[in-house]
Amino acid sequence: MAKEPMLKFVTVGRDMPSKRDAEDRKDDFLEIYGEYVEAKAEEQASRCSQCGVPYCQSHCPLHNNIPDWLRLTATGRLKEAYELSQATNTFPEICGRICPQDRLCEGNCVIEQSGHGTVTIGSVEKYITDTAWENGWVEMIAPTVEREESVGIIGSGPGGLAAADRLRRAGFKVTVYERSDRAGGLMMYGIPGFKLEKDIVLRRVKQLEDGGVEFVLNCNVGEDISFDAIRGKHDAVLIATGVYKSRDLKGPGSGSAGIVRALDYLTASNKVSFGDEVEDYLSGELNAAGKKVVVIGGGDTAMDCVRTAIRQGATSVKCLYRRDRANMPGSQRETQNAEEEGVEFVWLSAPKGFAGDPVSGVMVQKMRLGQPDVSGRQSPEVIEGADYVEDADLVIKALGFEPEDLPTLWGVEGLDVTRWGTVMADFKSHVTSLPGVYACGDIQRGASLVVWAIRDGREAADAMIEYIDQSVSVAAE
């Protein structure tokens, strides 16, 4: 006998399902979807060739033991797979969502290299950690020994949070100083919710809070508290502020209304998603609805902006980039996603100025690729006489980020910085020029990936533990 279909068509007004029926059908859907996702995860994991040279692992900044947790997933041993994943990555469910796997693990999968399509490592990583949370396998922070020493962490992005997790599990008192109103850094306000759901970040922040980590929000170092005061309160300090100073554009009309920074635009969008009232969004200044939007830049932040503008209801969204697609620094996967959603990419195009105030267009100069620069990338050259104006009601500058001048902002002497303005620190121990002060993430290496910040935070935490242990040992002699 044929099985009765689970869902039936109904006639509006005569056979409408009850609220209970709707809830039952939702549960049925979630159950079927869950079974589908589990089957897909096991199917993808089983494709791993278990090769002798796991390039996926060597090209992961955290050197995650990818082949082994794929093998465990393929055989249904999800708890063990999660435990192995968590051993090297503090936030695997976050990396599974936002890492540019096409440039890292998946792009170096031997199956991908042989032309058979990569194992979807990121999706499996996300799945096993989400499953771990659902089943209560994620261990809460419960130090076996409480220590008297304390650590101060400035910044609550991925590097700061990874370090806080490691230090608190070791028993140290940990205080995180964050200038925003929510913890999470760019994971909270710089990355759109369609790429990284905010409850995923909030869940990790709550885990840290429940484990005893203290968060001091709306705290601007140098204004609300001095850097020296933080050093005086703690046995060691970690600088994990990230880089938030936007690179700017020059040229006629660059100060016109309607030309905004990418971070301001993304922050407003994310705050609105929390239900916050954002004046600049309500006024339309940071809202793309009904506008012709032009985003300038070719990195992942530019992709976040164009895809956000599509979701806000822009009438058109164009992305200007001065090189071609092959030389674009952002994820090719993100570029493809944006194209599928309706974004138009205008390659080999650079702004030379802006028309109107408020802005009504971008003055574009066409480019061609010339000789390679010092990095090996071909340098763009202007094609004379090929200028034109691209209509725009909203222009978003997504040209990357630079470090703020921390020694000046914080009024601290002796904190050495590089010629790029990043904090000078050892890339293994993360120790700075100041005793007991460490740095990690973007403020040390420049604007980079979340996965690198997590690695830096874990390494810095280990170095800080060693430093404090040595200090305690010396004091006891």
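The structure displayed is predicted, hence computed values, not measured ones.

## Some thoughts on the packing of helix 4 (residues 78-88) against helix 7 (residues 121-134)
Part 1: The contact between helix 4 and helix 7 brings their axes to 9 Å, and the two run at 110°. With respect to helix 7, the axis of helix 4 lies roughly perpendicular. Contacts from Leu78, Ala81, Tyr82 and Ser85 in helix 4 reach Glu125, Tyr127, Ile128, Thr129, Thr131 and Ala132 in helix 7.

## Describing the domain arrangement of the chain
Buried accessible area, meaning the area lost when the parts come together, often serves as the stated size of an interface.
Part 1: Each assigned domain of the chain is listed with its residue range as follows: domain 1 (38-135), domain 2 (150-243 + 403-476) and domain 3 (247-397).
Part 2: Opposite the 14 residues of domain 2 that make contact, domain 3 presents 13 residues.
Part 3: Between domain 2 and domain 3 the total buried area reaches about 1100 Å² when both faces are included, carbon and sulfur atoms providing 57% of it.
Part 4: Scanning the region where domain 2 abuts domain 3 turns up 4 salt bridges.
Part 5: When the shortest N-O distance is used, the salt bridge between aspartate 181 and lysine 271 registers 3.2 Å.
Part 6: The interface formed by domain 2 and domain 3 holds 7 residue pairs in polar contact (both at pLDDT 80 or more) in total.

## A short note on the sheet that holds strand 7 (residues 292-296)
Part 1: Taking strand neighbours across the sheet as the criterion, the 5 strands line up as 6-14-7-8-9 in an open arrangement whose pairing is parallel. Looking at the sheet topology across the chains shown, the edges are occupied by strand 6 (259-261) and strand 9 (344-346). Along the sheet, successive strands turn relative to each other by an average axial angle of 25°, direction set aside.
Part 2: In terms of strand pairing, strand 7 meets strand 8 (residues 316-320) through 5 bridges, oriented parallel. Its bridge partner lying in strand 8, valine 293 is registered against valine 317.
Part 3: Across the face of the sheet, helix 12 (residues 262-273) comes into contact with strand 6 and strand 14 (394-397) while running at roughly 75° to strand 6.
Part 4: Lying over the sheet, helix 14 (residues 300-312) contacts strand 7, strand 8, strand 9 and strand 14, oriented at roughly 170° with respect to strand 8.

## Digging into the environment of serine 246
Part 1: With respect to the helices and strands, the residue serine 246 is situated in strand 5 (residues 245-246).
Part 2: Taking the C-alpha atoms as reference points, serine 246 and alanine 262, separated by 16 residues in sequence, lie 8.1 Å from one another.
Part 3: Setting aside its immediate chain neighbours within four residues, serine 246 contacts Arg261, Gly400 and Phe401.

## Some details on the pattern of salt bridges
Part 1: Counting across every chain of the model gives 36 salt bridges.
Part 2: The salt bridge partner of lysine 40 is glutamate 43, with a shortest N-O separation of 3.5 Å. Linking lysine 40 with glutamate 43, this pair stays in helix 1 (residues 19-46), spanning 3 residues, or about one helical turn.
Part 3: Lysine 40 sits in the partly exposed class, given a relative accessible area of 33%.
Part 4: Overall, the relative accessible area of 38% leaves glutamate 43 in the partly exposed class.
Part 5: One salt bridge connects glutamate 402 with arginine 247, and the closest N-O pair in it is separated by 3.3 Å. Of this pair, glutamate 402 sits in strand 15 (residues 401-402) while arginine 247 sits in the loop between strand 5 and strand 6, and the two are 155 residues apart along the sequence.
Part 6: Judged by relative accessible area, which is 30%, glutamate 402 ranks as partly exposed.

## Observations regarding the sheet that holds strand 2 (residues 173-177)
Part 1: The 5 strands are arranged 3-2-1-4-16 in an open sheet whose pairing can be described as parallel. On the outer flanks of this sheet lie strand 3 (214-216) and strand 16 (437-439), each paired with one strand and no other. Looking at each pair of strands side by side, their axes are set apart by 20° on average, direction ignored.
Part 2: Across 3 bridges, strand 2 lies against strand 3 in parallel orientation. Its bridge partner lying in strand 3, tyrosine 177 is registered against valine 216.
Part 3: In this fold helix 8 (residues 158-169) packs onto strand 1 (150-154), strand 2, strand 3 and strand 4 (236-239), with an angle of close to 170° to the strand it touches most, strand 1.

## Some details on the nonpolar core
Part 1: Counting 64 residues, the largest nonpolar core has Leu70, Ile153, Leu167 and Leu238 as the members making the most contacts within it.
Part 2: For this core, the element with the highest residue contribution is helix 18 (residues 450-476), accounting for 9 residues.
Part 3: For this core, the two domains that each supply at least three residues are domain 1 (38-135) and domain 2 (150-243 + 403-476).
Part 4: When near neighbours in sequence (up to four residues on either side) are disregarded, leucine 238 contacts Gly152, Ile153, Ile154, Ala163, Tyr438, Ala439, Cys440, Ala460 and Met464.
Part 5: Counting residues in each nonpolar core, the second largest holds 27 residues, with Tyr281, Leu286, Met303 and Val343 among its members.

## Some details on helix 3 (residues 66-74)
Part 1: Looking at helix 3, one finds that the buried residues are Ile66, Pro67, Trp69, Leu70, Leu72 and Thr73.
Part 2: Phi for glycine 76, located one or two positions after helix 3, is positive at around 80°.

Reading guide: rules and limits
Residues numbered from 1 in each chain as written. Predicted model: local features only at pLDDT ≥ 70, side-chain atom pairs only at ≥ 80, totals over all residues. Heavy atoms only, no water. Axes fitted to C-alpha atoms, helices over the stretch in contact; angles between N-to-C directions. Helix = DSSP H or I, 4+ residues; strand = E, 2+ residues; numbered from the N terminus. Parallel < 35°, antiparallel > 145°, perpendicular 65-115°, else oblique. Contact = heavy atoms within 4.5 Å. Domains from an automatic or database assignment. Buried area = accessible area lost by both parts, 1.4 Å probe. Salt bridge = Lys/Arg side-chain N within 4 Å of Asp/Glu carboxyl O. Polar contact = N/O pair within 3.5 Å; in protein donor to acceptor, adjacent residues only side chain to side chain. Pairing = 2+ DSSP bridges. Buried < 20%, exposed > 50% of the residue type's maximum accessible area, 1.4 Å probe, protein only. Core = buried A, V, L, I, M, F, W, Y, C linked by side-chain atoms within 4.5 Å.

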